[in-house]
Amino acid sequence: MEALASHLPLILFTALCAIGAGAFLPMALRASVGGASPAKPGYGKLAWVPVAVLAIGFVAVFFHVTVPLNAPLALGGIGRSPLSNEVAVGGAFLALCLLYAVLTTAGKLSANANKAFLWVLAASAVVFGLFMGLAYNIATIPAWSSSAASVAMVALTLLGGCALGWLIVGLAGKSETTPKSVGYILLAVAVVSLVAAAIASGAESGIVAALPSFVHDTAAIAAEANGFIAGFTLCGILGVVCLAASIVKPSASRIASILSLAFVTAAIVLARCAFYLMEVGVAF
Amino acid sequence: MTKAFFFDNSRCTGCRTCQLACKDYHDLSIDQTYRKVYDMESGACSMDERGVVTHTCKLYHVAIGCNHCEDPACTKVCPTGAMEKDPETGLVSVDGDKCLGCGYCVMACPYGAPTLDKTVGHTIKCDGCKNRVAEGKKPICVEACPLRALDFGEVEEMKARGESHDIDPLPSSSYTKPSLYIRMSPDAKSSQAADSRIANPLEVF
């Protein structure tokens, strides 16, 4: 638990950035389909919601480092350090999100421009999720350097994004006119992401359990991580069920999507707790 | 010409003089250390029906600081380039002015060499006494060892004296290729042997 406390800023950073980034996928999907739309394309001030979530995540990570003023120097390791790559991709993504939020709030985007921008953001969100996973590609920490870490991070980005993005679509007054097919696509993405993240996390704990160590009881660490993974799975299922309810029952849509976001957020935080518990290196 | 350490495990008695000399020379605080000594035990005693005791007990000590690896994990993950390997000597040191304090080097190092010192705001670690080496001297731990169990010099010279990089409890040298050559005592075993245990975990962790 002490290990988790010291990693709390990173838990918040990865969880919030995954949720904020992934939200652009449902927003892009809704912007691309037919059905009656408000006169103004884009999400206007609601575009600041995922930006705010991302920004809070980035602020949280500054509590992890001891010399925040040296943060710009982190770009010096691009190509060499996985952390530098993550910082660069994350910074570029945040800048793109800010640009979109400014333009859509000012009503400067045509319908086609809005659609294109949202799809760029949606694709970039997946890339950002991938680089958040690759940031932990440290060869001397086997569970983290496996491909499962990146798979899990991308899956969490999509899962969190489905919950937040669908809520934003609803707040924009678009869910009542959204074809059910869009909702079902998001539901499918959420289910597949939940399953992928659970399997990937389970694979990581399997790696930890098999590690020889003079100091760590790796079986016990894996068992503790499995507890968090079970919690992630349960909260994730509840989140997906609420998402489904908000899709099939428009009258309960707002409450159900808020509940979905709450459960999915809790799920992702638990998944990240499991990940940081599995910081077991080849040392000793 | 890059440098390496030689550790004669057959001579080391675990006296900790190397550790104390390092702490004194670098003026480290009570809870800081650049060099650690691992006391390794294995085996057990048994008594037969005649009362004759036999044992398979083994004991040896492993004294290591930073191994200034050929392929250091710390320099690979460092985002700011604060952790750097001197191209001439091969010594790895941290530039405190560039260090972000992210702790990635601490996570990555398989030997536990870097530690994040929040009082100074950056990572600290053994730098191989690079200032002494620049003056043609050896690191203080090498000079201090009363058993002459430590040596430091050109890689080829140290390689000729040692036979292995790998000794329990150190991880396999294949991960980072430590610049460390070891002459193993008869009691020492190769990495990850099933019945070896660290006898002083509270001291070293």
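Chain B carries the name 4Fe-4S dicluster domain-containing protein in an unreviewed UniProt entry, which gives Parvibacter caecicola as its organism.

As recorded by an unreviewed UniProt entry, chain A carries the name DMSO reductase anchor subunit and is attributed to Parvibacter caecicola.

A. Just the pattern of salt bridges, in detail. Residue and element names in this part refer to chain B. Applying the stated criterion to the full structure yields eleven salt bridges over all chains. Across the pair R11 and D8 runs a salt bridge, and its minimum N-O distance is 3.5 Å. A salt bridge links D151 to K138; the shortest N-O distance between them is 2.7 Å. Residue D151 is found in strand β10 (residues 150-154), and its partner K138 is found in the loop between α4 (130-134) and α5 (140-144); the two are separated by 13 residues along the sequence.

B. Up close: the UniProt feature "transmembrane region" (unreviewed entry) in chain A. Residues and elements named next belong to chain A. Feature annotation in UniProt assigns "transmembrane region" (unreviewed entry) to the following positions: residues 6-25, 46-67, 87-104, 116-139, 151-172, 184-208, 228-248 and 255-278. A distance of 31 Å separates the end C-alpha atoms of residues 151-172, which is 95% helix and 0% strand. Between the end C-alpha atoms of residues 184-208 there is a gap of 36 Å, over a span that is 100% helix and 0% strand.

C. View of a nonpolar patch on the surface. Residues and elements named next belong to chain A. A cluster of nonpolar residues, W48, L98 and V102, forms a patch on the protein surface that exposes about 240 Å² of accessible area. With respect to the helices, strands and loops of the structure, L98 is situated in helix α5 (residues 82-105). Owing to a relative accessible area of 34%, L98 belongs among the partly exposed residues under this scheme.

D. Spotlight on the packing of aromatic side chains. Under the defined criterion, the tally for this structure stands at 15 aromatic pairs over all chains. Between F24 of chain A and F93 of chain A, the ring centres sit 6.2 Å apart and the planes meet at 85 degrees, which makes this aromatic pair edge-to-face. Of this pair, F24 of chain A sits in helix α3 (residues 24-32) while F93 of chain A sits in helix α5, and the two are 69 residues apart along the sequence. The same class applies to F24 of chain A as to F93 of chain A, namely buried. Connected via pairs of aromatic rings, a cluster forms that spans F13, F24, F58, F93, Y100, F117 and F128 of chain A. Of note, R272 of chain A hangs over the ring of F275 of chain A, and the distance from its end group to the ring centre comes to 4.3 Å. Above the ring of F5 of chain B, the side-chain terminus of R35 of chain B is found at 5.7 Å from the ring centroid.

Reading guide: rules and limits
Residues numbered from 1 in each chain as written. Chains lettered and ligands numbered in written order. Predicted model: local features only at pLDDT ≥ 70, side-chain atom pairs only at ≥ 80, totals over all residues. Heavy atoms only, no water. Salt bridge = Lys/Arg side-chain N within 4 Å of Asp/Glu carboxyl O. Helix = DSSP H or I, 4+ residues; strand = E, 2+ residues; numbered from the N terminus. UniProt positions renumbered as here; feature names shortened; annotations may be inferred. Patch = residues over 30% accessible without salt bridge, like charges linked within 9 Å, V, L, I, M, F, W, Y side chains within 5 Å. Areas by Shrake-Rupley, 256 points an atom, 1.4 Å probe, with all protein chains shown as cover. Buried < 20%, exposed > 50% of the residue type's maximum accessible area, 1.4 Å probe, protein only. Phe/Tyr/Trp six-rings, centres within 6.5 Å; stacked < 30°, edge-to-face > 60°. Lys NZ or Arg CZ within 6 Å of the ring centre and 35° of its normal.

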